[in-house]
Amino acid sequence: MLLQIAQVLPPTLLEQCLSLAQTGAQFVDGKQTAGWHAKERKNNLQARPDVALKAVFAQVEKALLGHQLVNAAARPKAIVRLLLSRYQAGMSYGTHVDDAIMSGQRTDLSFTLFLNAPEQYEGGSLVIDEPAGERAFKMEPGSMLLYPSTSLHRVEPVTSGERLVIVGWIRSLVRDAQEREILFDLERIIAAQRAKQAADDPALELLLKTRSNLLRKWAED
Ligand code: NI
């Protein structure tokens, strides 16, 4: 399941991220954080994790973990890693799959958080290879695409302007993508039922029981 989530970052935090991406951070070759295969395909810049960046990342992590939709879709146990990336004209990231383990933790979901407007650069779409075909994404600032780390994906060459994003990985309490999707669907049904029915509806109680018991069955804490 691919999920586009709007307005994940509050405006002030988005501003802080943007200002680091544009002027505040020191950038190094992105190959430094890629696995051996991805290294050959990765051509971008990444911010060196200094004190200012770490402080902003702590806030981004908090925003992600506190976001209702992110929680419902990803069931995060931890944010494994965050990177601030910059693609200038001519830069791209060829087709690859993300590392399964980072810093000793399994990566279940990947995400790209878009920092600047799609009009500010040409090219630079994030393309996800799905069974039904490829899908390309360029999203509004502060929005993110959440997708299973099992997917092949790439970033198309930026032909002009600059693409600024935060990419990251989530270790989920629920390893299996299908199980996460079932739980996510249940969460949406519960929200819809809650919106139109009294809280003491017995069918809603059963739905809540099912959601909790599936989570109990599938979660690895
Ligand atoms: Ni990747």
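Residues numbered from 1 in each chain as written. Predicted model: local features only at pLDDT ≥ 70, side-chain atom pairs only at ≥ 80, totals over all residues. Heavy atoms only, no water.

**Some remarks on helix 6 (residues 202–218)**
Between its first and last C-alpha atoms helix 6 spans 24 Å; for 17 residues at 1.5 Å apiece the expected length is 24 Å, and the two agree. Elements that come into contact with the buried residues of helix 6 comprise helix 5 (177–196). (Helix = DSSP H or I, 4+ residues; strand = E, 2+ residues; numbered from the N terminus. Expected span 1.5 Å × (residues − 1). Contact = heavy atoms within 4.5 Å.)

**Some remarks on the pattern of salt bridges**
Taken as a whole and assessed by the stated rule, the structure comprises 10 salt bridges. A salt bridge links R86 to E162, with the shortest nitrogen-to-oxygen separation between them at 2.8 Å. Remark: E162 occurs in strand 15 (residues 158–172) and R86 occurs in strand 5 (residues 76–88); sequence separation between them is 76 residues. Its relative accessible area of 16% is what places R86 among the buried residues. With a shortest N-O distance of 3.2 Å, D185 and R188 are connected by a salt bridge. One end of the pair, D185, and the other, R188, are both in helix 5, 3 residues apart, so they sit about a helical turn from each other. Judged by relative accessible area, D185 falls into the partly exposed class, the value being 32%. (Salt bridge = Lys/Arg side-chain N within 4 Å of Asp/Glu carboxyl O. Buried < 20%, exposed > 50% of the residue type's maximum accessible area, 1.4 Å probe, protein only.)

**Some words on the sheet that holds strand 6 (residues 92–96)**
Pairing is antiparallel across the open sheet formed by 5 strands, whose spatial order is 3-6-14-11-12. Unpaired on one side and paired on the other, strand 3 (42–43) and strand 12 (133–137) mark the two borders of the sheet. With 5 bridges connecting them, strand 11 (residues 126–130) and strand 12 associate as antiparallel partners. Note that in strand 12 the partner of L126 across the bridge is F137. (Pairing = 2+ DSSP bridges.)

**Section: the domain arrangement of the chain**
Splitting the chain by domain gives domain 1 (3–172) and domain 2 (177–218). Relative to domain 2, the C-alpha centre of domain 1 lies at a distance of 30 Å. Contact with domain 1, which involves 9 residues of that partner, is made by 6 residues of domain 2. Carbon and sulfur atoms supply 63% of the area buried between domain 1 and domain 2, which totals about 630 Å² over both sides. Summed over the three residues of domain 1 that lose the most area to domain 2, namely A72, A73 and R75, the buried surface amounts to 64% of that side. Between E187 and R75 there is a salt bridge, and its shortest N-O distance comes to 2.5 Å. The interface formed by domain 1 and domain 2 contains 1 residue pair in polar contact (both at pLDDT 80 or more). Here the side of domain 1 that touches domain 2 gets 4 residues from one element, more than from any other, and that element is helix 4 (residues 68–74). Taken together, the residues of the side of domain 1 that touches domain 2 break down into 6 nonpolar, 1 polar and 2 charged. (Domains from an automatic or database assignment. Buried area = accessible area lost by both parts, 1.4 Å probe. Polar contact = N/O pair within 3.5 Å; in protein donor to acceptor, adjacent residues only side chain to side chain. Nonpolar A, V, L, I, M, F, W, Y, C, P; charged D, E, K, R; others polar.)

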